[in-house]
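Structural overview
Spelled out, the chains give:
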Amino acid sequence: MATQDQSVVRLEDYQPPAYRIDAVGLDVHLHPAETRVTAKLAIHRAAATAPGTPLTLDGDGLQLERVEIAGQALPASDYAVTPSSLTLHEPPSTPFELVLETRLNPQANTALMGLYRSSGTYCTQCEAEGFRRITYFLDRPDVLSVYTTRIEADAAEAPVLLGNGNLVESGKIEGTGRHFAVWHDPHPKPAYLFALVAGNLASIKDRFVTASGRAVELGIYVEPGKESMCDWAMDSLKRSMTWDEQVFGLEYDLEVFNIVAVSDFNMGAMENKGLNIFNDKFVLADPETATDQDYAHVEAVIAHEYFHNWTGNRITCRDWFQLCLKEGLTVFRDQEFSSDMRSRPVKRIADVRLLKSHQFPEDAGPLAHPVRPRAYREINNFYTATVYEKGAEVVRMLKTLLGDADFRAGMDLYVSRHDGDAATIEQFLACFAEVSGMDLSQFALWYDLAGTPRIDAVPAHDPATGTLSLTLTQTLGPTPNQPDKPAMLIPVRIGFIGANGEELEVRPRGADQVRSDVLLLSQRSQTFTFEGLPSRPVLSLLRGFSAPVTLNASQSPADLLFQLRHDSDPFNRWQSAQDLATRELMRLYAALRSGDAVTADTALVAAIGEVLTNEALDQAFRAQVLNLPGEADLAREIGKDVEPDHILAARRLLRAAIGSAHARQFADLAETLGRKPFSPSAADAGERALKGLCLGYLAVSEQNDRAAIVTRHAREADNMTDRLAALTVLVHERLDGADDALAAFEARHAGHALAMDKWFTVQATSPHAATLTQVDTLTRHAAFDWSNPNRVRALIGAFSTGNQSQFTRADGAGFVFLADVVERLDQRNPQLAARLVSAFRSWQALERGRASLAEAALSRIAASAILSRDTRDIVERCLA
Ligand code: B3K
Ligand code: ZN
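A brief report on the enclosed structure follows. None of these values were measured; they are calculated from a predicted model.

Right, let's get into the overall build of the protein. The helix and strand tally for the protein stands at 27 helices and 33 strands. Relative to a compact globule of 880 residues, whose C-alpha radius of gyration would be 29 Å, the protein shows 28 Å and is just as compact. Along the first, second and third principal axes, the C-alpha atoms of the protein reach 90 × 65 × 65 Å. Taken over 880 residues, the protein has a buried fraction of 59%. Put simply, of all contacts in the protein between residues at least 6 apart along the chain, 70% involve residues at least 24 apart.

In structure tokens:
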């Protein structure tokens, strides 16, 4: 009989906790190398637990100094302790107070989990399992406790002391140079939401009055000198607070809301109750150093973390398998927020681009997993595009199925019923089923099945009867551990376009198969019949990308061009351009790969020109259309035996054809667009995006003075978006002036780490054979720092995920380089190393030579004698 892997955690094994911890009193004496933490835990036995049942608390690398119950040191025979657990053999059967003292070394904590230091500031990261690096605890999301935290530190070293909840006391400790603050959070929460910060920080303050009239003090804390870069974040926070009241009726619930920006952070940000801690990249913004994309990201991440206050904090997850309960829902909420703040269609296009470029490949490779996974070895490896982005799509589909009013009613019920709970996906769905009367059991498969469903659409029009029948067939291929899959419920939004481009009002027969303009595909194959269509309409399928599927509709190029011109759904207008471009790029790729002479299709080149100059379309939208499918998108489309150099060449060929055909328009637009003083508004950002694309096309055109034009743009730019766009074009197209522009950028931004990250990324993503050597050289640049995740991601993450042709070089040197980096970083920061190694996830789709070189690099990592659980998990799944 096969033995089960003990280190695997399984959803089916979930058991409620045997003990509860009602209250936690922490006393943290901060010291760089010898921090002392005293935890007083008020524990009680759960009703279902037999008296005397042992209690095992989680720990991770802890050093225990003291253990007491009811003021008495516990005899050593009463407990067993290791760095990773503390077991009380026979705990009191009535409620008791357990006192634990642990000793920590924050400055030696390079994993950035638990309590660590970032540029001298003490900070914490506890999700998913970091609290156990601070004290022994029931470190699981279904144990909710009320926390009181006393923080004591050297007043000169750490003048600012922040904790969760409200400040209740603070003062000096006479004669010691130390001071303290006591924070109390009245809302019971799981340990992963605990946080503290102590350091020499500057702040900006503001105030928000909630809909019911309660005043909230808002603070954003940063390194001194960076306060002026926090205004956009504060503005975003206030807009988020207002939006959540207006759209979901959700108000903030403490007297204080603080945000702290730190420079060393493993991910984007963390929603700790009342004390969000951020990667400074998602807080700091000014026109000189942040791009429009950065502004949009700051706005979205500030909103996302704030929205977690309800979807995540007030209602948390029962176990980590339910992660999408908070993440998918909160991503959906932040996407909706950004749509309301900006252009809804453009936001939707950007989100779908991200989904297709990150989540689809994940779902198509060895790391595929359901939105709600059923097993994990390392939970940190499941903060994925599938849990987040596909999880958000599932919530979006729920809204599409129910309609706005029932969706909102379901959310209201979820919040009122589960406030204070650690909930499950089943409980979430039950609220929506209850308010709508819908049976959501088939819909629930979206949480359980990995892989991207494919829909084949076959229309048949009969002019004699004026009938159109549309057969939709769904296929969901096998993924790891899921060979055979049932049919899913897929909402397919649809429209019909008449011969003059007008929208036709047509509904199918059979009201149970349709909700408004949404077809409910619930069987493997289903035919929908539409009447009153004497002439053949052009079909617009999957409007707004109503489900995360790949659609195979085999439209004719003429129909796609017609859609590009006339579809009233802006998403599908964009999609039809992408489809046309994808087909053309696939054709060019195939020809180039077989060594045939080939030129770009002039009809497509002309259609792109039409969009470029169509003043009726907003500029951000035009920019999205001009932005051709990326190399990774094409690799996904090709599916297997992928040869990245020819993908690059095909893209370049088409871009050059477009650039040359419309060189004059590109040059003119580049001159006229984006001339006003900088504002981060969506409209101005769209204008700058279009301008950047114009420069890119100009650079690959036959225009003689193209290098001079782009160089001038780089030199004259008065904001980071324009400067970086021009620099990227110069470097990636290797135009004259590229080196000087790089040097000028470096000189200008030398002191600013986040701006220098862009300088690293531009070079790392340049699609040329010399790039790998340059990336290696840049690891020795003064501004590069192996211990800073942003720096590592800007250079090495950008190279391995943003430079397909060079990472997958035919000689395998890109793979070897990444394997070296992963081995170097693994012991220092396992989460960062595991993220980086995920760049291998599509290796099996590569042509044989490259695939075997990638496999060899992965196997070499797997063979390392010492490897973190994080990295080993990814590597072994990639190789399985
Ligand atoms: N909840 C955090 C992510 C924590 C990641 C832990 N490895 C940020 C967010 O999704 O809002
Ligand atoms: Zn989140």
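Time to look at unusual backbone geometry. Between Glu127 and the following residue, Ala128, the backbone shows a cis peptide bond with an omega angle of 0°. Topologically, Ala128 is positioned in the loop between strand E11 (121-125) and strand E12 (145-154). Backbone geometry at Ala70 places phi at a positive 50°, although glycine is not the residue there. Residue position: Ala70 is located in the loop between strand E5 (63-69) and strand E6 (72-73). Note on Ala70: relative accessible area 64%, which makes it exposed.

What follows covers the site of ligand 1. Taken together, 15 residues lie near ligand 1, and Glu127, Glu271, Glu305, Asn380 and Tyr388 sit nearest. Within the side chain of Glu305, one N or O atom sits 2.8 Å away from an oxygen atom of ligand 1. Computed on the free molecule, ligand 1 has an accessible area of 340 Å², of which 95% lies beneath the protein chains in the complex. For the shell around ligand 1, the elements supplying multiple residues, two or more each, are strand E20 (269-270), helix H2 (292-307) and helix H3 (323-341).

Our next topic: the coordination of the zinc ion (ligand 2). At 1.9 to 2.0 Å from the zinc ion (ligand 2) lie its protein donor atoms, namely His304 (NE2), His308 (NE2) and Glu327 (OE). In the primary sequence, the donor residues of the zinc ion (ligand 2) line up as H-x3-H-x18-E. Note that His304 is positioned in helix H2 and Glu327 in helix H3, a separation of 23 residues in sequence. Of the two residues examined, His304 and Glu327, each falls in the buried class.

Running from N to C, helix H4 (residues 344-364) and helix H5 (residues 385-402) cross one another at 125°; their axes reach a closest spacing of 9 Å. Taken together, the axis directions place H4 and H5 in an arrangement best described as oblique. When the axes of H4 and H5 are compared, the crossing they make is left-handed. In this structure, H4 contributes Arg348, Leu354, Leu355, His358, Gln359, Glu362 and Asp363 to the contact, and H5 contributes Ala385, Thr386, Glu389, Lys390, Glu393 and Arg396. Considering only residue class, the contact of H4 with H5 consists of 3 nonpolar, 3 polar and 7 charged.

Turning to the pattern of salt bridges, a few remarks are in order. Counted under the stated rule, the structure contains 79 salt bridges. Ionic pairing is found between Glu101 and Arg66, a salt bridge with its closest N-O pair at 2.9 Å. Here the residue Glu101 occupies a position in strand E9 (residues 96-104), and Arg66 occupies one in strand E5, the gap between them amounting to 35 residues. Of the residues examined, Glu101 reaches a relative accessible area of 10% and is grouped as buried. On the basis of relative accessible area, Arg66 is assigned to the partly exposed category, the value being 29%. Between Asp294 and Lys758 there is a salt bridge; the shortest N-O distance is 2.5 Å. Here the residue Asp294 occupies a position in helix H2, and Lys758 occupies one in helix H20 (residues 753-764), the gap between them amounting to 464 residues. Of the two residues examined, Asp294 and Lys758, each falls in the buried class. The network of salt bridges with common partners includes Glu336, Asp340, Arg344, Arg396, Lys399 and Asp404.

Our focus in this paragraph is the pairing of strand E14 (residues 166-173). Sheet analysis places E14 next to strand E15 (residues 178-189), joined by 7 bridges and oriented antiparallel. Its bridge partner lying in E15, Glu169 is registered against Val182. Hairpin connection from E14 to E15: 4 residues lie between these consecutive antiparallel strands, with Gly175 at a positive phi of about 75°.

This paragraph deals with helix H21 (residues 771-778). Residues of H21 that are buried: Thr771, Leu772, Val775 and Leu778. For H21, the angular spread of the buried residues around the axis is 125°, confining them to a single face. Here the buried face of H21 lies against H20, helix H22 (789-802), helix H23 (804-807) and helix H24 (813-826).

Pairing is mixed across the open sheet formed by 5 strands, whose spatial order is E17-E18-E19-E21-E20. The outermost strands of the open sheet, each flanked by one partner alone, are strand E17 (202-209) and E20. Where strand E18 (residues 215-222) and strand E19 (residues 256-262) come together, 5 bridges link them in parallel fashion. Looking at E19, one finds that Glu217 is bridged to Val256. Contacts between helix H1 (residues 231-248) and the sheet are confined to E17, E18 and E19, with E17 contributing the most and set at about 25° to the helix. Packing against the sheet, H2 makes contact with E19, E20 and strand E21 (275-279), and its axis sits at approximately 150° to E21.

Take Ser701: it is sitting in the loop between helix H16 (682-699) and helix H17 (706-716). Side-chain polar atoms of Ser701 contact the backbone oxygen of Leu698, separated by 2.6 Å. Apart from residues no more than four positions distant in its own chain, Ser701 is found in contact with Gly659, Ser660, Ala663 and Arg706.

So, on to the state of the cysteines. In this structure the tally under the stated criterion is 0 disulfides. Here Cys123 stays free of any disulfide, with the sulfur of Cys126 as its closest cysteine sulfur at 10 Å. The thiol of Cys230 is unpaired, and the distance to the nearest cysteine sulfur, on Cys123, comes to 16 Å.

In terms of strand pairing, strand E2 (residues 19-29) meets strand E3 (residues 35-45) through 10 bridges, oriented antiparallel. Within the sheet, the bridge partner assigned to Val24 lies in E3 and is Leu41. As consecutive antiparallel partners, E2 and E3 are separated by 5 residues. Relative to E12, E2 is paired through 7 bridges, and the arrangement is parallel. Note on E12: the bridge partner recorded for Asp27 is Arg150.

Reading the values: the criteria
- Residues numbered from 1 in each chain as written.
- Chains lettered and ligands numbered in written order.
- Predicted model: local features only at pLDDT ≥ 70, side-chain atom pairs only at ≥ 80, totals over all residues.
- Heavy atoms only, no water.
- Helix = DSSP H or I, 4+ residues; strand = E, 2+ residues; numbered from the N terminus.
- Rg over C-alpha atoms; globule rule 2.2 N^0.38 Å.
- Buried < 20%, exposed > 50% of the residue type's maximum accessible area, 1.4 Å probe, protein only.
- Contact = heavy atoms within 4.5 Å.
- Near = heavy atom within 4 Å.
- Polar contact = N/O pair within 3.5 Å; in protein donor to acceptor, adjacent residues only side chain to side chain.
- Areas by Shrake-Rupley, 256 points an atom, 1.4 Å probe, with all protein chains shown as cover.
- Donors = N, O, S within 2.8 Å, 3.2 Å for Na, K, Ca; no water.
- Axes fitted to C-alpha atoms, helices over the stretch in contact; angles between N-to-C directions.
- Parallel < 35°, antiparallel > 145°, perpendicular 65-115°, else oblique.
- Left-handed = near helix turned anticlockwise from the far one by under 90°.
- Nonpolar A, V, L, I, M, F, W, Y, C, P; charged D, E, K, R; others polar.
- Salt bridge = Lys/Arg side-chain N within 4 Å of Asp/Glu carboxyl O.
- Pairing = 2+ DSSP bridges.
- Arc of directions from axis to C-beta.
- Disulfide = S-S within 2.5 Å.

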